[in-house]
Amino acid sequence: MNKQTRLKQVFKANKHLNLIDSKAWNIVWDYLNLDQYPLPPSKEIKIAFASLDPSSVFSAYSSAVHSHFLKNASPLLTHQSCDNDVCNLANTVNVVKVHYVQRWIALNGPPAHNQKLLDACSALIEVSLPSEIEQMTTDLYIHAIEARNPERARTVYSVFRECGLHTFSDSCLTSAVKHTVTSHVTNSYRKTWDSSAYDDLMYWIFNVVVSSLSYITDLKESELNAVNDLACDALAALRIEEIYDIVCKMPQSEPALNDLSATLRTPKLRLDLVNTFLSQSSISLLRAGIPTLEIICRYIATMEAFRRIEPRGVLLDRVARPIRNYLRERSDTVSLIVAGMLNREDSPISYISESIKKKQAYRDTGDDYNDPAWVPDPVDAAPDFSSSQMDIVGSLLNIFESNDVFIREISNCLASDLLKVREYDVNTLESQLKALRNRFSEAAMQSCNIMIWDVQESAATDAHIHQSSDDLSVFHSHIISRYFWPSLKEEPYRLPQFIEALQEQYGVRYSEYKPLRKLKWYGVGSVAISLELQDRTCAFNVTPLQASFILLFEDTAEGMTLDTISQKLGCTKRVAEGAASFWVKEGILTQNGTIYTVVETTQDDSDAVMEEDVEVEPKDEAQELRDSLGAFKPFISAMLTNLGRLPADRIHAFLSSLSSDENPYRSSKQELIKYLDMLVEEDFLEFDKGYKVRK
Amino acid sequence: MKVHIENWQGVAAWHWDVPDEEVCGICRANFDNTCPGCKYPGDGCPLLVGTCSHSFHEHCLVKWVMLETSRGLCPMCRQPFVEGERTRVLRQGRDLDLLDSDE
Ligand SMILES: [Zn+2]
Ligand SMILES: [Zn+2]
Ligand SMILES: [Zn+2]
């Protein structure tokens, strides 16, 4: 609606001017002449007015006001707005109002007319104000709130009010508060997570915003609450936007999580939080290039963070699901978690072994309706939400539907550790296992118990066997109950003859001690060995294969080819090569073509190595990847063009199958992923749940 | 180079000296595994070979013999069950009276 139509609606054309000739009319009309400055009416004027029909006079006056306003006041107001001073403008508005209203009110006509005139004036003023005045007023209020200098704002606010512009003025004030609060929240609290923004914000709201506002206007309680809600929502919005980074910065960012728990007032905000986290984590975390361990750490952080935001765990349940599903697909998830639970030194999450010691139910069995403390699940809970209070370990176990995968991995780890222990000392492993009993049922742990028991029994048996025969010298054995151990992987090879003889003798003694039972030997175990070379003596703990390998080089300075070695060991060349590379890495053997020789003295060799080191320029990783994988770029490109989107696993498998002698593919999957990510950065590929050629 | 072996720790699995495919005629589990009632194999759940050459977990056979309907017969060949010499040595001291009485 344009201004002219609105004006016409306010003042309908007057058709009652039939008294225009009368004397009383002339007196009153002179008094109401809008070209004059308003003065109080004389007695004569009042009498004249009383003799007239007030409605007719009002109609005529309204009409006069209308046309006078458009001709004089409108341009004035428009002009005034141009000098950017709301105070001056407010004064002008006030003068205008007085000019049109005061002389009429002084006539003491019917109050209904007074109100009508006031409303009409306000409407005229409001439509005459140019649009930018709203922003200017808002700015004035913003300044007033922030600078704690509300004098001018108070004047402007009250003038606008008196002139009937409440709606306009209040809406300016509301947007001023909104703007002030929002920018305060963003400017003061963005990325500052180490102290409570919520407390600080509440203090600021009360001491700055509310105190300024109550100076400008009388705050009602509902308005006070509205300001508080506004502040909470603004803080919640900021923290929601930052949620993924906050979770990554746990535990330093805990105060920011407390901000969230204090401000998540509505289901809408809770939903926003969940959705934002889901989309941020799917972009930043659940990608082929991110190592599993990092995802596990983030999963743990997510657990702790969301439990802090909302202890019942409804939100947690929703944000953790996709991470769990993703981790389930990674082949190394179980072994990494088990390494943490078993407190492996090299595991960055070994701290979770602490929380294992706390007793927990094996697995939640659903809602217990007989529990007097039972309350229904919140409305936004997923249908299979379980409100059990799961700790970190519980949540990690919860990644998989059953504990079997963990038990299997624990057995594997335990088996390989047990076979390495010295002197049959199982105390450390036994106490680790004891802690796990808090989490897994006795039945599930049964094979682990038997494995420990086997080694303890082996100690007694071994002592007995050595007692009855002193020619077994350094030979000892673990004797295992094969049905309760994971199958021991081994490649066939031949032990040194004297060891074979010792084994046989050991087996005979065993059968004497345990009638009707026999031993079957495996090629695994551990050997403590020391090598006496010309200029040094080195001690090692090695596998029986590695020991057998190095025994071939005893008392000989001759080199040996891999063929000879694998023949003597009765094993494949690949197995022999594995053992050889261990001794080369340890500096005991040196490889020249296919011939291995013992490094009796280290002196001159080390010089050569040092020179070599100087010559080799350190390559950066990207260049190395380009060197090793650049040749495969055309294959990758062709593959992805033909097959569309592919995960790194598939590409890796494909390239491995392409590998040939002239074009060998030797990269690990990790290296391939790094290289693919490089191609993504170069905009050659794009990544979204798989790699794809960018068009 | 001289190689000194300080300690050689081998690994072996024990097994009962019976054909590998042979299982307990009562519980059908391998003898190197336990009977259904036991947790620990080997010494914990020994083997019993009858003169009829049928073998059982000792625990399985005792349970069977306790049944009235078994009438002390081998569940496989229905001949009176008598423990053979081979496993008698296993029990040195801890006798199973109900089996010895047949001898
Ligand atoms: Zn049985
Ligand atoms: Zn048994
Ligand atoms: Zn029989």
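What comes next concerns the included structure. (Residues numbered from 1 in each chain as written. Chains lettered and ligands numbered in written order. Predicted model: local features only at pLDDT ≥ 70, side-chain atom pairs only at ≥ 80, totals over all residues. Heavy atoms only, no water.)

As a further point, take the overall build of chain B. Looking only at helices and strands, one finds 3 helices and 3 strands in chain B. Along its sequence from the N terminus, chain B presents helices and strands in the succession β-β-β-α-α-α. Per-residue burial over chain B gives 50% buried out of 103 residues. Restricting to contacts in chain B with at least 6 residues of sequence separation, those with at least 24 account for 48%. Working note: accessible area of chain B is about 5100 Å², and carbon and sulfur atoms make up 51% of it. (Helix = DSSP H or I, 4+ residues; strand = E, 2+ residues; numbered from the N terminus. Buried < 20%, exposed > 50% of the residue type's maximum accessible area, 1.4 Å probe, protein only. Contact = heavy atoms within 4.5 Å. Areas by Shrake-Rupley, 256 points an atom, 1.4 Å probe, with all protein chains shown as cover.)

As a further point, take the nonpolar core. Residues and elements named next belong to chain A. Phe306, Met341, Ile529, Leu531 and Trp583 are the most contacted members of the largest nonpolar core, which totals 140 residues. A total of 9 residues in this core trace back to one element, the largest contributor, which is helix 15 (residues 292-309). With residues near it in sequence (within four places) discarded, Phe306 still touches Ile243, Val247, Leu273, Phe277, Leu315, Leu316 and Val319. In this structure, Leu117, Met136, Ala144 and Val210 belong to the second largest nonpolar core, which totals 70 residues. (Core = buried A, V, L, I, M, F, W, Y, C linked by side-chain atoms within 4.5 Å.)

For interface size, the figure often reported is the accessible area lost on association. Contacts between the two partners involve 56 residues from chain A and, on the opposite side, 32 residues from chain B. Surface buried jointly by chain A and chain B totals about 4200 Å² across both partners, of which 57% is contributed by carbon and sulfur atoms. At the boundary of chain A with chain B, the tally comes to 5 salt bridges. Applying the counting criterion to the chain A and chain B interface returns 31 residue pairs in polar contact (both at pLDDT 80 or more). Where the side of chain A that touches chain B is concerned, the elements lending two or more residues are helix 22 (446-468), strand 1 (475-480), helix 23 (497-513), strand 2 (517-532) and helix 24 (544-551) of chain A. Considering every element that reaches the side of chain A that touches chain B, the biggest residue donor is strand 2 of chain A, with 15 residues. Among the residues forming the side of chain A that touches chain B, the class breakdown is 34 nonpolar, 10 polar and 12 charged. In the sheet, strand 1 of chain A pairs with strand 1 (residues 2-16) of chain B via 6 bridges, with the strands oriented parallel. Looking at strand 1 of chain B, one finds that Ser477(A) is bridged to Gly10(B). (Buried area = accessible area lost by both parts, 1.4 Å probe. Salt bridge = Lys/Arg side-chain N within 4 Å of Asp/Glu carboxyl O. Polar contact = N/O pair within 3.5 Å; in protein donor to acceptor, adjacent residues only side chain to side chain. Nonpolar A, V, L, I, M, F, W, Y, C, P; charged D, E, K, R; others polar. Pairing = 2+ DSSP bridges.)

Residues and elements named next belong to chain B. The zinc ion (ligand 2) binds to the protein through Cys35 (SG), Cys38 (SG), Cys45 (SG) and His59 (ND1), with metal-donor distances spanning 1.9 to 2.4 Å. Each of the 4 donor atoms bound to the zinc ion (ligand 2) contributes to angles spanning 90 to 120°, and the resulting shape is tetrahedral. Of note, the donors binding the zinc ion (ligand 2) are all from one chain and are spaced C-x2-C-x6-C-x13-H. Residue Cys45 is found in the loop between strand 1 and strand 2 (47-49), and its partner His59 is found in helix 1 (residues 58-66); the two are separated by 14 residues along the sequence. Here His59 falls in the partly exposed class, since its relative accessible area comes to 26%. (Donors = N, O, S within 2.8 Å, 3.2 Å for Na, K, Ca; no water. Tetrahedral: all angles 85-135°; square planar, octahedral: opposite > 155°, others 65-115°.)

Moving on, we get to helix 22 of chain A. Counted at 1.5 Å a residue, the expected span for helix 22 of chain A with its 23 residues is 33 Å, and the 33 Å between its end C-alpha atoms agrees. As for helix 22 of chain A, its buried residues are in contact with helix 20 (404-418), helix 21 (427-436), strand 1 and helix 23 of chain A. (Expected span 1.5 Å × (residues − 1).)

Residues and elements named next belong to chain B. Bound to the zinc ion (ligand 3) on the protein side are Cys52 (SG), His54 (ND1), Cys74 (SG) and Cys77 (SG), at distances that span 2.0 to 2.4 Å. For the zinc ion (ligand 3), the 4 donor atoms in the first shell make angles of 104 to 113° at the metal, so the coordination geometry reads as tetrahedral. Counting along the primary sequence, the residues that act as donors to the zinc ion (ligand 3) give the motif C-x1-H-x19-C-x2-C. On the criterion of sequence distance, the pair formed by Cys52 in the loop between strand 2 and strand 3 (55-57) and Cys77 in the loop between helix 1 and helix 2 (85-88) is long-range, its members being 25 residues apart. A residue is classified by how much of its surface remains accessible, and Cys52, at 16% relative accessible area, is buried.

Residue and element names in this part refer to chain A. Backbone torsion omega between Met250 and Pro251 reads 0°, so that peptide bond is classified as cis. Structurally, the position occupied by Pro251 is in the loop between helix 12 (243-248) and helix 13 (254-263). If you check the backbone angles, Lys191 has positive phi at about 60° while not being a glycine. Overall, the relative accessible area of 58% leaves Lys191 in the exposed class.

Moving on, we come to helix 7 (residues 132-146) of chain A. Under the 1.5 Å per step criterion, the end-to-end length of helix 7 of chain A is 21 Å for 15 residues, consistent within 8% with the ideal 21 Å. Buried within helix 7 of chain A are the following residues: Ile133(A), Met136(A), Thr137(A), Thr138(A), Leu140(A), Tyr141(A), Ile142(A), Ala144(A) and Ile145(A).

What follows concerns a nonpolar patch on the surface. All names here are of chain A. A cluster of nonpolar side chains, namely Phe635, Leu643, Phe654 and Leu658, defines an oily patch on the protein surface of about 330 Å² accessible area. Looking at the nonpolar patch, the elements that each hand over two or more residues are helix 29 (633-643) and helix 30 (648-658). Its location among the elements puts Leu643 in helix 29. (Patch = residues over 30% accessible without salt bridge, like charges linked within 9 Å, V, L, I, M, F, W, Y side chains within 5 Å.)

Residues and elements named next belong to chain A. Where helix 13 meets helix 15, the axes come as close as 8 Å, and the angle between the chain directions of the two elements is 40°. Between helix 13 and helix 15, the interaxial angle falls into the category oblique. Handedness of the crossing formed by helix 13 with helix 15: right-handed. Residue-level inspection shows Glu254, Leu257, Asn258, Leu260 and Ser261 of helix 13 in contact with helix 15, the latter providing Ala305, Arg308 and Ile309. Broken down by class, the residue content of the contact of helix 13 with helix 15 amounts to 4 nonpolar, 2 polar and 2 charged. (Axes fitted to C-alpha atoms, helices over the stretch in contact; angles between N-to-C directions. Parallel < 35°, antiparallel > 145°, perpendicular 65-115°, else oblique. Left-handed = near helix turned anticlockwise from the far one by under 90°.)

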